[in-house]
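Each chain is listed here by its residues.
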2 protein chains.
Amino acid sequence: MKAEIIAVGTELLMGQINNTDASYMSKKFPECGVFVYYHTVVGDNAIRLENCINLALSRVDVVVLTGGLGPTQDDLTKETVAKALGLKLIFHKNILADIKAYFEITKYNSRNTIMTTNNEKQAYYPEGSLILPNKNGTAAGCIIEHQVDGFMKTVILLPGPPWEMEPMFDEYVIEHFKKKNSEGLKSVYLKMFGIGESAMETLISDIISSQTNPTIAPYAKKGEVMLRITARYDKQTDDADKILAPVLDMLYKRLGQYIYADIDIEMKDVTAKLLIEKDITVSFAESCTGGMFSQMLTDVSGISNVFTGSVVAYSNEVKENILKVKHSTLENYGAVSSKTAVEMAEGIRKLCKTEIGISITGIAGPTGATPNKPVGRVYIGISSEKVTESYEYTFSGNRDKIRYYSCLHAMNILRLYALSKG
Amino acid sequence: MKAEIIAVGTELLMGQINNTDASYMSKKFPECGVFVYYHTVVGDNAIRLENCINLALSRVDVVVLTGGLGPTQDDLTKETVAKALGLKLIFHKNILADIKAYFEITKYNSRNTIMTTNNEKQAYYPEGSLILPNKNGTAAGCIIEHQVDGFMKTVILLPGPPWEMEPMFDEYVIEHFKKKNSEGLKSVYLKMFGIGESAMETLISDIISSQTNPTIAPYAKKGEVMLRITARYDKQTDDADKILAPVLDMLYKRLGQYIYADIDIEMKDVTAKLLIEKDITVSFAESCTGGMFSQMLTDVSGISNVFTGSVVAYSNEVKENILKVKHSTLENYGAVSSKTAVEMAEGIRKLCKTEIGISITGIAGPTGATPNKPVGRVYIGISSEKVTESYEYTFSGNRDKIRYYSCLHAMNILRLYALSKG
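Residues numbered from 1 in each chain as written. Chains lettered and ligands numbered in written order. Predicted model: local features only at pLDDT ≥ 70, side-chain atom pairs only at ≥ 80, totals over all residues. Heavy atoms only, no water.

Draft legend 1. Region of interest: the sheet that holds strand 2 (residues 35-42) of chain B. Taken in spatial order, the 12 strands make up an open sheet running 6(A)-7(A)-8(A)-3(A)-1(A)-2(A)-2(B)-1(B)-3(B)-8(B)-7(B)-6(B), and their pairing is mixed. Looking at strand neighbours, the two that pair on one side only are strand 6 (130-132) of chain A together with strand 6 (130-132) of chain B, the edges of this open sheet. Neighbour-to-neighbour, the strand axes of the sheet open up by a mean angle of 20°, direction not taken into account. Pairing of strand 7 (residues 141-148) of chain A with strand 8 (residues 151-158) of chain A involves 7 bridges; the strand directions are antiparallel. The residue bridging Val148(A) from the neighbouring strand is Phe151(A), located in strand 8 of chain A. Contacts from helix 4 (residues 77-85) of chain A reach strand 1 (2-8), strand 3 (62-66), strand 7 and strand 8 of chain A, with the element oriented near 170° to strand 8 of chain A. Sheet strands in contact with helix 2 (residues 20-28) of chain B are strand 1 (2-8), strand 2, strand 3 (62-66) and strand 8 (151-158) of chain B, and its direction is about 170° off that of strand 2 of chain B. (Pairing = 2+ DSSP bridges. Helix = DSSP H or I, 4+ residues; strand = E, 2+ residues; numbered from the N terminus. Axes fitted to C-alpha atoms, helices over the stretch in contact; angles between N-to-C directions. Contact = heavy atoms within 4.5 Å.)

In structure tokens, the structure reads:
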């Protein structure tokens with residue numbers, strides 16, 4: 001089934017919030033055989049909203065509307081849907097009772113959360129609606145099945161705030177379609193580092209173009225690429241894994257060296273897991289990244305088992321006094337050099353008494369370039385008891401991108417070390 | 001002028017990424033007299049995309065398309081726009097040269113980020129396009145002005161990745177419309193910290209509802225709120241500042257204590273500027289924030305004049321050995337305590353020989369809570385030669401939010417110190 005998600009709210013058109021509701025549903029809908037073909041955002045305006053609803057009814061089977069179910073005059077979704085479908089709005093005593101109960105429970109949270117007569121508007125729903133209770137707010141959702149121009153359409157109304165919408169979607173909407181569907185879907189995500197999107201696509205273009213089931217879709221994210229491989233299968237007769245296996249096999253043969261995960265997970269999580277599993281203690285010495293690398297790894301809860309600490313060594317004095325980089329190294333080779341990276345990595349490893357020390361020093365820009373070293377030049381060092389090495393990179397882009405790419409490459413170096421360790 | 005933003009990409013319809021491009025542009029467009037009426041997301045499908053483009057051309061003046069400018073078979077935006085407008089695609093030698101140069105700069109990063117023949121596709125643009133160079137990737141953008149059914153329409157193509165789209169939008173698109181407009185618009189942004197959105201709105205609701213020129217629009221961001229005050233004025237006869245002044249006056253009277261900037265700038269930039277201007281050297285000792293605070297301040301170019309370095313002290317050993325937090329303090333009060341925060345701030349100030357030392361120690365969660373200290377408990381210390389103090393907070397939310405709020409509050413403490421210094 002094809003779906004469109006219409007988010008209703010001027011605040012979205014002012015850029016105040018992102019339409020995360022649409023992403024959330026889009027990611028989950030395929031689980032129950034619903035495929036999202038369009039997202040639309042429209043303001044709190046009855047005529048424009050009605051036009052959007054009519055367009056959606058003409059091009060998809062399932063129309064989901066989020067937002068505009070509140071008590072104020074701006075909230076037009078139910079009225080406009082009812083008009084578009086030619087349905088009356090019906091008063092639901094039990095919804096009003098639920099709203100009253102909700103206010104009773106939450107009245108101590110804030111002195112301004114009091115029920116007004118406006119809230120009665122929230123008890124009206126289009127006739128024939130299957131009501132979806134809201135445990136986290138006052139706006140109930142609903143599912144309406146209705147013929148439009150001879151075709152059966154499903155129209156779903158959900159509240160806008162994600163903490164209200166998401167549980168309602170999971171509990172009622174997904175289940176509604178699962179019950180209806182005989183076909184299933186299973187996706188595998190191959191995450192890669194060290195290859196660009198177009199190079200990857202060139203390597204496997206024959207596989208992509210010859211596939212219909214499973215389908216293969218490439219994605220690019222800052223510095224990383226991903227393939228989504230999705231099999232459609234009959235729940236009664238097929239085994240999804242058997243449909244996926246031969247294609248995965250081919251992809252691994254061509255791209256295996258770049259693949260760091262077969263689920264949709266970030267490299268920092270993969271690296272953290274390896275470090276924790278293998279009990280590899282680490283510490284970092286950062287210059288141009290200014291703490292970003294430490295921050296990235298400490299995003300992962302539980303990392304305190306192996307991460308002891310870092311030094312952000314911005315000034316040369318800190319590099320010398322705390323990390324014990326030699327004065328002569330800084331003088332002869334400069335702070336952005338292979339030799340400084342090596343000494344920083346050694347220095348932090350010894351200072352924090354860890355198995356591994358990682359260092360990053362570079363020119364994040366926009367200033368700081370020299371005739372020999374352009375903006376984007378970065379050295380990454382890795383030090384263990386046995387050996388200390390450094391790698392040279394030249395990244396393009398702005399300060400933020402250069403810093404981020406430096407961290408991704410350092411993360412990959414750390415990941416490869418952890419992988420190689422028996 | 002009315003605008004619609006069409007994001008092209010199946011990855012958006014799979015929920016892999018949020019359509020942050022649309023939010024970014026929606027927020028900024030009003031500055032140059034363009035008002036966003038619709039967001040649309042459509043997949044990498046030529047027919048559906050063409051229908052969306054035609055619909056947009058029929059209902060708005062400005063159609064912005066993001067994404068689908070890459071080198072792969074999936075990337076259809078230019079071809080489809082050209083078809084919808086009846087324009088040819090023209091090869092641009094200099095764009096191909098730019099792409100080659102981009103690969104030249106970045107070729108050492110990874111042996112597989114190599115230019116393929118696919119990339120030549122990226123040098124074709126609809127005839128009559130004003131080309132917008134991309135400094136952060138290979139896909140140039142363009143602006144096309146073209147008559148459709150007797151009406152002049154502007155169609156703008158931009159790359160999808162935010163770090164490519166945002167600088168291009170700021171540098172070329174905003175400027176393009178600013179030049180065209182006879183009516184001027186001037187916006188002042190009041191940025192605030194320490195007050196919630198609804199509390200702020202309550203304080204000034206009478207001012208908001210009585211204003212038509214300038215208009216007042218509130219925005220809320222993680223931990224911060226902002227007002228955009230926008231005056232429309234005739235470039236020949238009006239003085240925008242005179243239209244803004246009385247309203248700004250009223251707003252400052254009610255909200256002045258929370259306002260940290262009157263332009264759309266982040267607190268880290270305000271703080272960095274103050275530190276640099278007043279030559280206040282700083283160093284940080286971070287525990288739960290794991291480098292985030294250092295990373296935040298070092299986002300600002302030029303900060304190396306006053307920021308010397310930080311220690312991310314995750315383990316107690318690092319707190320003791322490097323920051324010289326007393327063993328007895330850690331034993332008796334714990335790593336998350338006011339006393340530890342004080343000693344960390346003193347320790348880093350002395351270690352890095354700076355005027356100010358800032359420390360952050362807390363429980364970012366999801367684990368680590370104790371009966372006396374819930375997840376979200378954070379202590380922030382500030383140390384100067386004269387005095388060392390600490391502040392206690394209890395933040396709600398997940399790990400990321402707690403870390404981020406900790407950094408914002410630490411930044412505010414640093415800002416207030418710098419402000420107070422004569």
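Now that the structure is up, let's keep going.
Draft legend 2. Main features of the packing of helix 9 (residues 267-277) of chain A against helix 14 (residues 399-420) of chain A. Residue and element names in this part refer to chain A. In contact at an axis separation of 9 Å, helix 9 and helix 14 are set at 35° when each is read in the N-to-C sense. Crossing handedness for the pair helix 9 and helix 14: left-handed. Contacts from Met267, Lys268, Val270, Thr271, Leu274 and Leu275 in helix 9 reach Leu408, Met411, Asn412, Leu414, Arg415, Ala418 and Leu419 in helix 14. Among the residues making up the contact of helix 9 with helix 14, the classes are represented as 9 nonpolar, 2 polar and 2 charged. (Left-handed = near helix turned anticlockwise from the far one by under 90°. Nonpolar A, V, L, I, M, F, W, Y, C, P; charged D, E, K, R; others polar.)

Draft legend 3. Focus on the interface of chain B and chain A. The interface of chain B with chain A comprises 80 residues on the first partner and 85 residues on the second. Carbon and sulfur atoms make up 52% of the area that chain B and chain A hide from each other, which totals about 6,200 Å². Where chain B packs against chain A, one counts 2 salt bridges. A salt bridge links Arg403(B) to Asp299(A); its shortest N-O distance comes to 3.0 Å. At the junction of chain B with chain A, the criterion picks out 29 residue pairs in polar contact (both at pLDDT 80 or more). Here the residues of the side of chain B that touches chain A are counted per class, giving 32 nonpolar, 36 polar and 12 charged. The sheet contact formed by strand 2 (residues 35-42) of chain A and strand 2 of chain B spans 5 bridges and is antiparallel. Each bridged residue has a counterpart across the sheet, and for Val41(A) the counterpart in strand 2 of chain B is His39(B). (Buried area = accessible area lost by both parts, 1.4 Å probe. Salt bridge = Lys/Arg side-chain N within 4 Å of Asp/Glu carboxyl O. Polar contact = N/O pair within 3.5 Å; in protein donor to acceptor, adjacent residues only side chain to side chain.)

Draft legend 4. Representation of helix 14 of chain A within the structure. For helix 14 of chain A, built from 22 residues, the straight-helix expectation of 32 Å at 1.5 Å per residue is met to within 8% by its first-to-last C-alpha distance of 32 Å. Buried residues dominate helix 14 of chain A, accounting for 17 of its 22 residues. (Expected span 1.5 Å × (residues − 1). Buried < 20%, exposed > 50% of the residue type's maximum accessible area, 1.4 Å probe, protein only.)

Draft legend 5. Geometry of the nonpolar core. One finds Ile6(A), Leu65(A), Ile6(B) and Leu65(B) to be the most contacted residues of the largest nonpolar core, which totals 58 residues. In contact with Ile6(A), other than residues within four places in its own chain, are Thr40(A), Val42(A), Leu49(A), Cys52(A), Ile53(A), Ala56(A), Val63(A), Val64(A), Leu65(A) and Thr66(A). (Core = buried A, V, L, I, M, F, W, Y, C linked by side-chain atoms within 4.5 Å.)

Draft legend 6. Spotlight on the domain arrangement of chain A. Annotation of chain A at the domain level lists domain 1 (2-180), domain 2 (183-261) and domain 3 (267-420). Look at where the C-alpha atoms of domain 1 of chain A and domain 2 of chain A centre, and you get two points 34 Å apart. (Domains from an automatic or database assignment.)

Draft legend 7. Examining the pattern of salt bridges more closely. Enumeration over the complete set of coordinates arrives at 37 salt bridges over all chains. Across the pair Lys121(A) and Glu79(A) runs a salt bridge, and its minimum N-O distance is 3.1 Å. With Lys121(A) in the loop between helix 5 (93-106) and strand 5 (124-126) and Glu79(A) in helix 4, this residue pair connects regions lying 42 residues apart in the sequence. Among the residues examined, Lys121(A) registers a relative accessible area of 25% and is labelled partly exposed. A salt bridge links Glu392(B) to Arg377(B); the nearest nitrogen and oxygen atoms lie 3.8 Å apart. Remark: Arg377(B) occurs in strand 16 (residues 377-383) and Glu392(B) occurs in strand 17 (residues 388-394); sequence separation between them is 15 residues. Overall, the relative accessible area of 12% leaves Arg377(B) in the buried class.

Draft legend 8. Quick look at helix 6 (residues 162-180) of chain A. Residue and element names in this part refer to chain A. The end-to-end C-alpha distance of helix 6 is 25 Å, a good match for the 27 Å that 19 residues give at a rise of 1.5 Å each. Along helix 6, the sharpest kink reaches roughly 45°, centred on Phe169. Within helix 6 the residues assigned to the buried category are Glu164, Met165, Met168, Phe169, Val173, Ile174, His176 and Phe177. If you follow the buried residues of helix 6, they end up packed against helix 2 (20-28), strand 3, strand 6, strand 7 and strand 8. (Bend = angle between axes of the 7 residues up to and from the residue.)

Draft legend 9. Highlighting the sheet that holds strand 11 (residues 224-234) of chain B. All names here are of chain B. Taken in spatial order, the 4 strands of this open sheet run 10-11-9-12, and their pairing is antiparallel. Every interior strand has two partners, whereas the edge strands, strand 10 (215-221) and strand 12 (259-261), have only one. Geometrically, the sheet is characterised by an average inter-axis angle of 35° between neighbouring strands, direction not taken into account. The pairing of strand 9 (residues 183-193) with strand 12 spans 2 bridges and is antiparallel. Note on strand 12: the bridge partner recorded for Lys191 is Ala261. Along the sheet, helix 8 (residues 240-255) makes contact with strand 9, strand 10, strand 11 and strand 12, crossing strand 11 at roughly 155°.

Draft legend 10. Inspection of a nonpolar patch on the surface at higher detail. Residues Leu89(A), Phe91(A) and Tyr124(A) make up a contiguous nonpolar surface patch of roughly 240 Å² in combined accessible area. With respect to the element layout, Tyr124(A) can be found in strand 5. (Patch = residues over 30% accessible without salt bridge, like charges linked within 9 Å, V, L, I, M, F, W, Y side chains within 5 Å. Areas by Shrake-Rupley, 256 points an atom, 1.4 Å probe, with all protein chains shown as cover.)

Draft legend 11. View of empty space enclosed by the protein. In total, this model carries 1 cavity of 30 Å³ or more according to the counting rule given. In terms of lining residues, the largest cavity is bounded by 15 residues, among which Asn19(A), His39(A), Val41(A), Asn19(B) and Val41(B) are the most central. Elements with a minimum of two residues in the lining of the largest cavity: helix 2 and strand 2 of chain A together with helix 2 and strand 2 of chain B. A class-by-class count of the residues in the lining of the largest cavity yields 8 nonpolar, 7 polar and no charged. (1 Å grid on protein atoms, 1.4 Å probe; cavity = no way out; pocket = protein on both sides within 12 Å on 5 of 7 lines; lining within 4 Å. Points joined across faces, edges and corners; volume = space filled by probe spheres on them.)

Draft legend 12. How the structure looks around the packing of aromatic side chains. All names here are of chain B. Following the criterion strictly, the structure yields 18 aromatic pairs over all chains and no others. An angle of 80° between the planes, with centres 4.9 Å apart, marks the rings of Phe29 and Phe169 as edge-to-face. Placement of the pair is Phe29 in the loop between helix 2 and strand 2 and Phe169 in helix 6 (residues 162-180), with a sequence separation of 140 residues. The exposure class assigned to Phe29 is buried, which follows from its relative accessible area of 0%. (Phe/Tyr/Trp six-rings, centres within 6.5 Å; stacked < 30°, edge-to-face > 60°.)

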